[in-house]
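# Fold and geometry: a report
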Amino acid sequence: MIRRATVLFLAALLPLLAGAGQAQAAGYRYWSFWERDGSAWTYATVGPSLSRPADGDVQGFRFSVSEDSGDAAKPRGAAGFDTICAKTPAKDGTKRVALVIDFGTPGDAPSGEKPPAGRTACAQVAEDATTAEALASVAEPLRYDSNALLCAIAGYPAKGCGEQVATDGKDSSPTETAGTAGSAEDDGGSGPSVGLIAGAAVVVVLGAAAVWQVRRRA
């Protein structure tokens, strides 16, 4: 009797654990913002509208699908400031910011769209300009949503903004955006997913029910 109850318990448990794993695998399709120190890219701690780079800085943007900053794809390309801004001489009252814009891979592209080739640009802007202003000077049109989330660079992608997608790249919840994911990252971003917590709770309930059933029939 105990063995039969255990088998029934495990049979009910496996689909729940599988569902919890799928909940963790969901990601967001969005533009991530990076800063480069030497040859290493670091995920920016503030948004481009708040970042104020100095003359000689290298910053990058990458379009991809990722769960959070921990697994976000970095901009590709090894060009540094001296290469990107070689044809832009210094000018009083301005600063030069080297920008690397990586439109991502076809696998990360929204349905029906093809990512343009990556590009670099040297933005020469006012000394107090933000990264967003530097980007606007070399890669218009930019598109933002009502929450000031950067949705498109140089018109790519044509639609969508930080939508949640499943592991196969298909939209899974268009109403949720990367802005929500960003809020989670502010809280640490390393806690268990809601799906996993819910699955664990159900497991506890099923376990208690199985034990009660065995005791009742004993």
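Residues numbered from 1 in each chain as written. Predicted model: local features only at pLDDT ≥ 70, side-chain atom pairs only at ≥ 80, totals over all residues. Heavy atoms only, no water.

### Here's the deal with the packing of aromatic side chains
In this structure the tally under the stated criterion is six aromatic pairs. Seen in terms of ring centroids, Phe-63 and Tyr-156 are 5.3 Å apart; in terms of plane orientation they differ by 70°. Their pairing is edge-to-face. Remark: Tyr-156 occurs in the loop between strand 7 (150–152) and strand 8 (164–165) and Phe-63 occurs in strand 3 (residues 58–66); sequence separation between them is 93 residues. Here Phe-63 matches Tyr-156 in class, with each residue buried. (Phe/Tyr/Trp six-rings, centres within 6.5 Å; stacked < 30°, edge-to-face > 60°. Helix = DSSP H or I, 4+ residues; strand = E, 2+ residues; numbered from the N terminus. Buried < 20%, exposed > 50% of the residue type's maximum accessible area, 1.4 Å probe, protein only.)

### Regarding the state of the cysteines
Counting across every chain of the model gives two disulfides. Cys-85 shares a disulfide with Cys-122; S-S distance 2.1 Å. The sign of the S-S torsion, about 105°, decides the handedness of the disulfide formed by Cys-85 and Cys-122: right-handed. Here Cys-85 is found in the loop between helix 2 (81–84) and strand 4 (94–102), whereas its partner Cys-122 is found in strand 5 (residues 119–126), with 37 residues between them in sequence. For the pair shown, Cys-85 and Cys-122 are each scored as buried. A sulfur-sulfur distance of 1.9 Å marks the disulfide that ties Cys-151 to Cys-161. Handedness here is read from the sign of the S-S torsion; for Cys-151 and Cys-161, about -75°, the answer is left-handed. Taken as a pair, Cys-151 in strand 7 and Cys-161 in the loop between strand 7 and strand 8 lie far apart in primary sequence, ten residues in all. (Disulfide = S-S within 2.5 Å.)

### A word on helix 3 (residues 131–138)
For helix 3, the set of buried residues is Thr-131, Ala-132, Ala-134 and Leu-135. One face of helix 3 carries all of its buried residues, which in axial projection span an arc of 160°. Packing partners of the buried residues in helix 3 comprise strand 1 (27–37), strand 3, strand 4, strand 5, strand 6 (143–144) and strand 7. (Arc of directions from axis to C-beta. Contact = heavy atoms within 4.5 Å.)

### Topic: the side chain of Arg-29
Here Arg-29 shows up in strand 1. In this structure the side chain of Arg-29 is engaged in a polar contact, spanning 2.9 Å, whose partner is the backbone oxygen of Asp-108. (Polar contact = N/O pair within 3.5 Å; in protein donor to acceptor, adjacent residues only side chain to side chain.)

### Details of the side chain of Ser-66
Here Ser-66 shows up in strand 3. A polar side-chain atom of Ser-66 sits 3.2 Å from a polar atom in the side chain of Tyr-30. Every residue in contact with Ser-66, bar those within four places of it in the chain, is listed here: Gly-27, Tyr-28, Tyr-30, Asp-71 and Ala-72.

### Structural notes on the pattern of salt bridges
Enumeration according to the criterion identifies four salt bridges in this entry. For Arg-29, the salt bridge goes to Glu-163, with nearest N and O atoms at 2.9 Å. Of this pair, Arg-29 sits in strand 1 while Glu-163 sits in the loop between strand 7 and strand 8, and the two are 134 residues apart along the sequence. Classification of Glu-163 as buried rests on a relative accessible area of 8%. Among the salt bridges present, the one from Asp-102 reaches Arg-62, with a minimum N-O distance of 3.6 Å. Taken together, the positions of Asp-102 in strand 4 and Arg-62 in strand 3 put the pair 40 residues apart, joining distant regions of the chain. Relative accessible area serves as the criterion here: at 7%, Arg-62 is assigned to the buried category. Salt bridges linked by common partners bring Arg-62, Arg-76 and Asp-102 together as one network. (Salt bridge = Lys/Arg side-chain N within 4 Å of Asp/Glu carboxyl O.)

Just geometry here; none of it tells us what the structure is for.
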